[in-house]
Amino acid sequence: MSSNFRQIYEQSINRPEDFWQEISEDIFWFKKPKQILKKDTPPFYKWFADGVTNTCYNALDIHIDQGRGDKTALIYDSPITGNKKKFTYKELKDKVSKFAGALKNQDIKKGDRVIIYMPMIPEAVIAMLACGRIGAIHSVVFGGFASNELASRIDDSKAKLLVTASCGFEPGRTVEYKPLVDEALKLASHKPEKIILYQRSGHEVKLNAPNEISWEESMVKAQDEDCVEMNANDFAYILYTSGTTGIPKGIVRDIGGHIVALKWTMKNIYNIDTNDIWWSASDIGWIVGHSYIVYAPLFKGCTTVLFEGKPVGTPDAGAFWKIISDYKVKSLFTAPTAFRAIKKEDPEGKFFSKYDLSAFESLFLAGERADPDTIKWAENLLKVPVIDHWWQTETSWAISSNCTGIEMQKTKYGSACKAVPGYDVKVLKSDSSIAKPNEMGDIVVKLPLPPGTFPTLWKADERYKKTYMTNYNGYYQTYDAGHIDDDGYIWIMSRTDDIINVAGHRLSTGAIEEVLSEHQSVAECAVLGIADKLKGQLPIGLVVLKAGVTKDNETISKECIKMVRDKIGPVAAFKVAIVIKRLPKTRSGKILRGTIRKIADKEEYKMPATIDDPAILKEIEEDLIKNNILK
Ligand code: COA
Ligand code: AMP
C-alpha cells in the first residue's frame, strides 16, 4: 500500500473494497470474509458479511498467541481513590474469561443485551470484553445519567442483565449507583433478570433482592470461557446517544468492521505501535471511551490507560502531566474542555514544569470544536502537535483528522483537518447541490460509510433511514454544518439539529425541554446552548408559566433545575432556568430559539421577518441581563 496520504485516501474512495480487504488481513478471523461489501439493500450496507471473528479474541487472545501475553494491556490509575493497577494481556484475559463464565452462569447467551452502568474501574472494561467473548451485546450507560435515562436504555435494549458497582467518585461527591439502579428498575417497564454489583472496597452496599448478586459471588463458580465464533455483522454493542428528540438513539456497531477499522486507526491516525503507551482521557460511557480507552488500543496490542480522575481537582491541574510522565504516555486524546479547565486553573503551566514529558509526542482533541486559543496554548506548553479531529458516536472513529501515522499535514487553526481515508465527505446546499470550496452547507458523507460505522439503529431500521439517509439521497447526513476549503480542510461550524455539546458531552435541548414541560406550572419553554468559556456550551432554559400560577419564580426555577438533574442527570449541567413572560415566535408559532441564542451570545442577528411581535426580543434581552446571562 502506498505511503502517501493523498494516494491512500484516493484508493480508499475509488476502490473501497480492495482497500478494506487488504486492511482486514491484519485481524484474526475464524473464517476470512470472501464478500467484502454487501450492497444490495442500500442504505443498509454490510462489511465482511460472511466473515467470522470475535471482538475479545482480537483484543486479548491474539496478542497472547503472538507471544506478547506479558506486555501491559491496561494501566488503571485513580487519583480519586489512590488506587493503581497494571494488567498484562494474560492477566486481563484471565479476568475476562472468568467473568464471561460468570455471565454464562447467569444464562447470558449470544445476542443477549447486558447494560453496564459503572464508574471508570477495570471491572467495567472486563465486563465489556466478557460480553464480547460470549457474543453478548453490551450497552454502557454513562454514570452521570440519572435513573430515567438508565430506564429508557433498559427498556429499549430489553437488557437481560445489568452490571453495576456500589459507587463512583466525583470530586467532593460519592455517586451511589444502587439507589439510581433501583429507581431505574422501578421506572422501566422491562425488568432485567439479574443485577451483578461490584462492591468497591470500603463502600459496600446491601444486596437484598434475590436477583442481585455481587461481582465476587458471581465469580465463585465461574469457569473460564473461550471466545465464541461471531458473524462479522452481529452486533458488538449498542451505545445510546442524544437524538433530535428526547428518545435516545441506539447506535449499533457490527463486530467485523469495528475490529478492522479501529485497529487500522491506531497506527494510521494516531501513529501508535504495539510498544506504545496510549491514553484517552474520556469515560467508557462515551464513544471516545468505547473506541479509544478500550477497543482500538487493545486491538492494536499497545498499552491503554484507564484514568479515574479529572483534569483539575484530582488533586490539581497537574493530574494529566503526572499520568503522562509516570507511564511515559506517547499520545493523549481528550476533549478541548479538559484543556480549557487546565488553562483556567494554571494558565502559566506551573504544574507542567514539575514533570518529565519527554516521551510525549502528540495531543488529539475531539468531541467539540477546538478553539484556536486553546490549541495554541497547548502547543506552546507541550511543544508537540495538537490535533483537532472530528467524529461522532455514529461513526466510532474520526471522519476528519490529521493522519499522523500516514503523513503529517499542516495545522489550520479552527479546522478539523482533512477527510480520513474511507470517508468521502461533501458539503451540500439545501437543494442537494455540492457547495463550492469555502461555501457553507450541510456536511454529509457519501454512502457506503466505511467499516466500523453504524449499520443501523437498534431495532429501528426505519428511524435510521429517515433520520440519517433520506434528506440527501445517497449520503449520510452528519447534522454538522460547515465548509471545506480549497486545500480540502474541513471546518465544522455548528450542529443543524437541537444537539449541544456541554464539556464534550452530547445533549439534546429537546430532551431537556421535554423535562421542563412536565413541570406543573410550565406552559411552554425553550432550551438553548449558550457559549461558555470552559464547557464550550451550557444549556439555559426559558420557561413561560401557565395563567394563574401563584408560586414565585425563584421556586419554579429551582424546581426546574432539580427536575432536569433528576431526570437526565448531573451531566446536563443545567443550572439556569429563567421565568419569562412570553417566548418569541414566528407567526406560524415556531419558537425562535436561534435568535434567542444569538442575543444571549451577543452575536449580531437579523430581526426575523416572520416574527409575530418584535418587542419580545427586547424583553428577553432584559431578562437575560437581569439573570446575569448577558453582561
Ligand atoms: N458520574 C456521575 N456524575 C458525573 C460523572 C459520572 N461519571 N461525570 C460527571 N458527572 C457530574 C459532575 O460531578 C457534575 O456534577 P455537579 O453538577 O454535581 O458538579 C456534572 O456531572 C457536570 O459534569 P462536567 O460537565 O464534567 O463538569 P465538571 O465541572 O464536573 O468538570 C471538566 C468539568 C472540564 C473538568 C470535565 O467536564 C472534564 O473532565 N471533561 C473532560 C472531557 C471529557 O471527558 N469529555 C467526554 C467526551 S470526550
Ligand atoms: P458525539 O457523538 O458525542 O461524539 O458528538 C458528536 C458531535 O460533536 C459532532 O457531530 C460535532 O457536532 C461535535 N464534534 C465532535 N468533534 C468535533 C470537532 N473536532 N470539531 C467540531 N465539532 C466536533
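What counts, and at which threshold
Residues numbered from 1 in each chain as written. Chains lettered and ligands numbered in written order. Predicted model: local features only at pLDDT ≥ 70, side-chain atom pairs only at ≥ 80, totals over all residues. Heavy atoms only, no water. Pairing = 2+ DSSP bridges. Helix = DSSP H or I, 4+ residues; strand = E, 2+ residues; numbered from the N terminus. Axes fitted to C-alpha atoms, helices over the stretch in contact; angles between N-to-C directions. Polar contact = N/O pair within 3.5 Å; in protein donor to acceptor, adjacent residues only side chain to side chain. Core = buried A, V, L, I, M, F, W, Y, C linked by side-chain atoms within 4.5 Å. Buried < 20%, exposed > 50% of the residue type's maximum accessible area, 1.4 Å probe, protein only. Contact = heavy atoms within 4.5 Å. Near = heavy atom within 4 Å. Areas by Shrake-Rupley, 256 points an atom, 1.4 Å probe, with all protein chains shown as cover. Right-handed = clockwise from strand over helix to strand, strands pointing away. Domains from an automatic or database assignment. Salt bridge = Lys/Arg side-chain N within 4 Å of Asp/Glu carboxyl O.

Trainee: Is there a simple way to explain the sheet that holds strand β23 (residues 425-428) in this structure?
Mentor: In any sheet, the strands associate via hydrogen bonds between backbone groups, in a parallel or an antiparallel arrangement. Pairing in this open sheet of four strands is antiparallel, and the strands run β23-β24-β25-β26 from one edge to the other. Each edge of the open sheet carries a strand with a single partner, namely β23 and β26 (490-495). Mean inter-strand twist for the sheet, computed between neighbouring axes without regard to direction, equals 50°. Both strand β25 (residues 475-484) and β26 contribute to a ladder of five bridges, which runs antiparallel. Following the sheet pairing, isoleucine 484 is matched in β26 by isoleucine 490.

Trainee: Even after reading the chapter, I still don't get the environment of glutamate 91, so can you show me in this structure?
Mentor: Turning to its location among the elements, glutamate 91 is positioned in helix α4 (residues 89-105). Here the alpha-carbon distance between glutamate 91 and lysine 71, two residues 20 residues apart in the chain, equals 9.8 Å. Within the local environment of glutamate 91, its side chain forms a polar contact with the backbone nitrogen of threonine 88, the two atoms lying 2.9 Å apart.

Trainee: What am I meant to see in the nonpolar core here?
Mentor: Grouped burial of nonpolar side chains is what soluble globular proteins tend to show. Membership of the largest hydrophobic core comes to 118 residues, with the highest contact counts inside it found for Trp20, Leu92, Phe99, Leu129, Tyr292 and Trp397. For leucine 129, the contacting residues outside a window of four places in its chain are Cys56, Ala59, Leu60, Leu92, Val96, Val294, Tyr295 and Leu298. By size, the runner-up hydrophobic cluster in this structure holds 31 residues, among which are Ala317, Leu332, Phe352 and Trp377.

Trainee: Hey, could you run me through the site of ligand 2 in this one?
Mentor: Neighbouring ligand 2 are 15 residues, the closest being Asp388, Thr393, Asp480, Arg495 and Arg506. Between ligand 2 and aspartate 388 there is a distance of 2.7 Å, counted from a nitrogen atom to a side-chain nitrogen or oxygen. One of the side-chain nitrogen or oxygen atoms of glutamine 392 is found 2.9 Å away from an oxygen atom of ligand 2. Burial of ligand 2 by the surrounding chains reaches 94%, relative to a free accessible area of 490 Å².

Trainee: What's the story with the environment of isoleucine 492 in this structure? I'm lost.
Mentor: When you line up the elements, isoleucine 492 lands in strand β26. Put simply, isoleucine 492 and glycine 414 are 78 residues apart on the chain and 8.3 Å apart in space, counted from C-alpha to C-alpha. Once residues lying within four places of it in the same chain are set aside, the contact partners of isoleucine 492 are Arg369, Trp390, Ile443, Asp480 and Ala481.

Trainee: How do you make sense of the pairing of strand β30 (residues 536-545) when you look at a structure like this?
Mentor: Each regular strand carries side chains that alternate between the two faces of the sheet. β30 sits mainly inside the fold: seven of its ten residues count as buried. Between strand β29 (residues 522-532) and β30, which pair antiparallel one after the other, the connecting turn spans three residues. Pairing between β30 and strand β31 (residues 576-580): five bridges, direction parallel. Bridging across to β31, isoleucine 540 finds its partner in valine 576. Regarding the hand of the β-α-β motif, the stretch spanning β30, helix α16 (residues 553-567) and β31 is right-handed.

Trainee: I'm lost on the domain arrangement of the protein chain in this one. Help?
Mentor: Much of the literature gives interface size as the accessible area that the parts lose upon coming together. Domain annotation of the protein chain identifies domain 1 (5-309 + 389-482) and domain 2 (503-626). Its C-alpha centre places domain 1 at a distance of 34 Å from the equivalent point of domain 2. Viewed at the interface, domain 2 and domain 1 are joined by one salt bridge. Put simply, glutamate 394 and arginine 506 hold a salt bridge, and the shortest N to O gap is 2.9 Å. Summed over the shared surface of domain 1 and domain 2, the result is five residue pairs in polar contact (both at pLDDT 80 or more). It is helix α6 (residues 147-157) that provides the largest number of residues to the side of domain 1 that touches domain 2, a total of three residues.

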